[in-house]
Amino acid sequence: MRRTGRVLAISGGVGGAKLALGLARVLPPEALDIVVNTGDDFRHLGLAISPDLDSVLYALAGLADGERGWGRAGETWQFMAALRALGGEDWFALGDLDLATHVERTRRLAAGETLTQATAALAQALGVQVRLLPMSDDPVATVVDTDEGRLAFQHYFVRRRCEPRLTGLHFEGAQHARPAPELLALGQDASLRAVVLCPSNPWLSVDPLLALPGVRAALAACPAPVVAVSPLVAGKAVKGPTAKLMAELGLQVSHRSIAQHYAGLVDVLLVDADEPGLAMPGGPRIVVVPTLMNTLDDRERLAQAVLEAAS
Ligand code: GDP
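About the cut-offs
Residue positions are given per chain, counting from 1 as you read along its sequence in written order. Since the coordinates come from a predicted model, pLDDT governs what is reported: local features require at least 70, and pairs of side-chain atoms require 80 or more to be given and counted, while whole-chain, interface and lining totals use all residues. With hydrogens and water stripped out, all remaining heavy atoms of the structure feed into the side-chain values. By this definition, two strands are paired if DSSP reports at least two bridges between them. Helix and strand assignments follow DSSP, with helices taken as H or I runs no shorter than four residues and strands as E runs no shorter than two, numbered in order from the N terminus. The angle between two axes is taken between their N-to-C directions and runs from 0 to 180 degrees, where each axis is a line fitted to C-alpha atoms and a helix contributes only its stretch in contact. The criterion used for residue contact is that any of the two residues' heavy atoms lie within 4.5 Å. Residues enter a nonpolar core if they are buried and are Ala, Val, Leu, Ile, Met, Phe, Trp, Tyr or Cys, with the set joined through side-chain atoms within 4.5 Å. Accessible area is worked out with a 1.4 Å probe on protein chains only. A residue is then buried under 20% of its type maximum, exposed over 50%, and partly exposed in between. Here a salt bridge means any side-chain nitrogen of Lys or Arg lying within 4 Å of a carboxyl oxygen belonging to Asp or Glu. One heavy atom suffices: a residue is near a molecule or strand as soon as one of its heavy atoms comes within 4 Å of it. Contacts described as polar in this section are N or O atom pairs within 3.5 Å, which, within protein, must combine one atom able to donate a hydrogen with one able to accept it, while residues neighboring in sequence count only if both atoms come from side chains. Note on areas: Shrake-Rupley, 1.4 Å probe, and residue coverage restricted to the protein chains presented here. Think of it as three bins: nonpolar holds Ala, Val, Leu, Ile, Met, Phe, Trp, Tyr, Cys and Pro, charged holds Asp, Glu, Lys and Arg, and polar takes everything else, Gly as well. Note on convention: near helix rotated counterclockwise from far helix by under a right angle means a left-handed crossing. Clockwise means right-handed. Handedness rule for crossovers: strands pointing away from the viewer, path from the first strand over the helix to the second running clockwise, crossover right-handed. Think of it this way: a Phe, Tyr or Trp ring, Trp meaning its six-membered ring, pairs with another when their centres are within 6.5 Å, and the plane angle makes it stacked under 30 degrees, edge-to-face over 60, tilted otherwise. The criterion is that NZ of a Lys, or CZ of an Arg, lies within 6 Å of the ring centre and within 35 degrees of the ring normal, and then a charge sits over that ring.

For the rest of this paragraph, the subject is the sheet that holds strand 7 (residues 149-152). Within a sheet, neighbouring strands are paired by backbone hydrogen bonds and run either parallel or antiparallel to one another. Read from one edge of the open sheet, three strands run 7-6-8, paired in antiparallel fashion. The open sheet is flanked by strand 7 and strand 8 (166-172), the only strands paired with a single partner. The sheet shows a mean angle of 25° between the axes of neighbouring strands, direction not considered. In the packing of helix 8 (residues 202-210) onto the sheet, the strands contacted are strand 6 (141-146) and strand 8, and the crossing angle to strand 8 comes to about 30°.

Given below as structure tokens:
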């Protein structure tokens, strides 16, 4: 059954999860769907790892580690220590609690479930009531061209700590992957209240989703307001390689570059501060509000601002 007044949020990992949590706290669970990037997903040590889905899952379940900024609170690292002692691959940290998520996801996928089904089962088990959806059930792999050659995403992001200079990005498999039906429905879904692009990295976390066949066109045709939040605060990325990547791609590190990146897709852009030349003819309406989310209150306030901007 189609639910009217629904909000569909599009998220990457940690940055997106902050606003996703804010939205989940100000909307009834049946009024929110969150579609998450899976371009960062990979197989590691035989396990199916979905870093962005897990970041959103842990945030919504109240299990995220606020201090470290990723993974689960109260995490322990005995598995990693034991693996290291065996000479195993230890560049990607898997906490003992987190490991259970990957083992259970891998088991479900091996038993024939789709990633959508496995994600729904994990969310339900952790008491998450909003719908959490992978962008696709088909594999998509972000790969980056760098001055050290072509690297699989996690090798660039985690193993090499984003140090190589980036020259290009590819989303392998995206052109043949089937998007989540909720994404394709955006083009004609009159029941939607808003689409929200969370303040995720536009190039690494949102572009893989926009690269799926039909998604860009569906979003551009969306009858509901599309509201994005800029991931830049005080002219910088709050965390992660967004600003470094923008500079390496020859872009100004500015809200204007974010607005241009989402040109034709976004109706409103929320930014923390105005910039000269930010409001462009034919560009998104600009709303200036505090967008830094340190506390739970910040997340709720920004979620309310997003919904107001959409109305
Ligand atoms: P990842 O997949 O875990 O790297 O996370 P995302 O792609 O979802 O988010 C990364 C982006 O979130 C970075 O560009 C950060 O600048 C942005 N970000 C993190 N926290 C905040 C915040 O409190 N406010 C805003 N506006 N952006 C944030």
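There is more to say after this.
The next point concerns the nonpolar core. By size, the foremost hydrophobic cluster in this structure holds 47 residues, and its most contacted members are Leu 8, Leu 183, Leu 186, Val 195 and Leu 212. For this core, the leading source of residues is helix 8, giving five residues. Residue contacts for Leu 186: discarding those within four places in its chain leaves Leu 8, Leu 192, Val 195, Ala 218, Leu 219, Cys 222 and Pro 223. Counting 41 residues, the second largest nonpolar core, distinct from the first, contains Leu 53, Leu 60, Val 289 and Ala 309.

Attention now moves to the pattern of salt bridges. Tallying each qualifying case throughout the model produces 18 salt bridges. Linking Arg 105 and Asp 54 is a salt bridge whose minimum nitrogen-to-oxygen distance equals 2.3 Å. Of the two residues, Arg 105 is situated in helix 4 (residues 96-110) and Asp 54 in helix 2 (residues 51-60); the sequence distance between them amounts to 51 residues. The same class applies to Arg 105 as to Asp 54, namely buried. Of the charged contacts in the structure, one is a salt bridge between Arg 131 and Glu 182, with a shortest N-O distance of 2.9 Å. On the criterion of sequence distance, the pair formed by Arg 131 in strand 5 (residues 131-134) and Glu 182 in helix 7 (residues 181-184) is long-range, its members being 51 residues apart. Given the relative accessible area of 34%, Arg 131 is considered partly exposed. For Glu 182, a relative accessible area of 19% gives the class buried. Through salt bridges with shared partners, a single network forms among Arg 6, Asp 33, Arg 131, Glu 182 and Asp 189.

With that out of the way, let us pick up the site of the ligand. In the vicinity of the ligand, 22 residues are found, and the nearest of them are Ser 200, Ser 205, Pro 231, Thr 242 and Thr 291. In the model, an oxygen atom of the ligand is placed 2.9 Å from a nitrogen or oxygen of the Gly 16 main chain. Compared with its free state, where it exposes 590 Å², the ligand has 93% of that area covered by protein. The biggest single contributor to the shell around the ligand is helix 1 (residues 14-26), with four residues. Counted by class, the shell around the ligand contains nine nonpolar, ten polar and three charged residues.

Moving on: the packing of helix 1 against helix 2. Close contact between helix 1 and helix 2 brings their axes to 9 Å; oriented N to C, the two are set at 35°. As for how helix 1 packs across helix 2, the hand of that crossing is right-handed. Contact residues: Val 14, Ala 17, Ala 20, Leu 21 and Ala 24 in helix 1; Ser 55, Val 56, Ala 59 and Leu 60 in helix 2. Per-class residue counts for the contact of helix 1 with helix 2 are eight nonpolar, one polar and no charged.

Most of strand 1 (residues 6-11) sits out of view: six of its six residues are buried. Of the two faces of strand 1, both are covered, the one formed by Arg 6, Leu 8 and Ile 10 as well as the one formed by Val 7, Ala 9 and Ser 11. Sheet analysis places strand 1 next to strand 9 (residues 192-197), joined by five bridges and oriented parallel. Residue pairing for strand 9: Ala 9 is matched across the bridge by Val 196. Relative to strand 2 (residues 32-36), strand 1 is paired through five bridges, and the arrangement is parallel. Its bridge partner lying in strand 2, Ala 9 is registered against Ile 34. Since strand 1 and strand 2 lie parallel, the crossover through helix 1 that links them has a hand, and here it is right-handed.

Our next topic: the packing of aromatic side chains. Tallied over the full model, the rule gives six aromatic pairs. Judged by centre distance (6.3 Å) and plane angle (40°), the rings of Phe 42 and Trp 91 are tilted. With Phe 42 in strand 3 (residues 42-44) and Trp 91 in the loop between helix 3 (78-85) and helix 4, the pair connects residues that are 49 residues apart, well separated along the chain. Classification of Phe 42 by relative accessible area gives buried; the value is 17%. Given a relative accessible area of 16%, Trp 91 falls into the buried group. Ring plane angle 65° and centroid distance 6.0 Å describe the contact between Trp 70 and Trp 77, whose orientation is recorded as edge-to-face. Chaining the aromatic ring pairs together yields one cluster made of Phe 42, Trp 91 and Phe 92. Between Arg 68 and the ring centre of Trp 70, over which it is positioned, the NZ or CZ distance is 4.8 Å.

These figures come from the coordinates and say nothing about function on their own.
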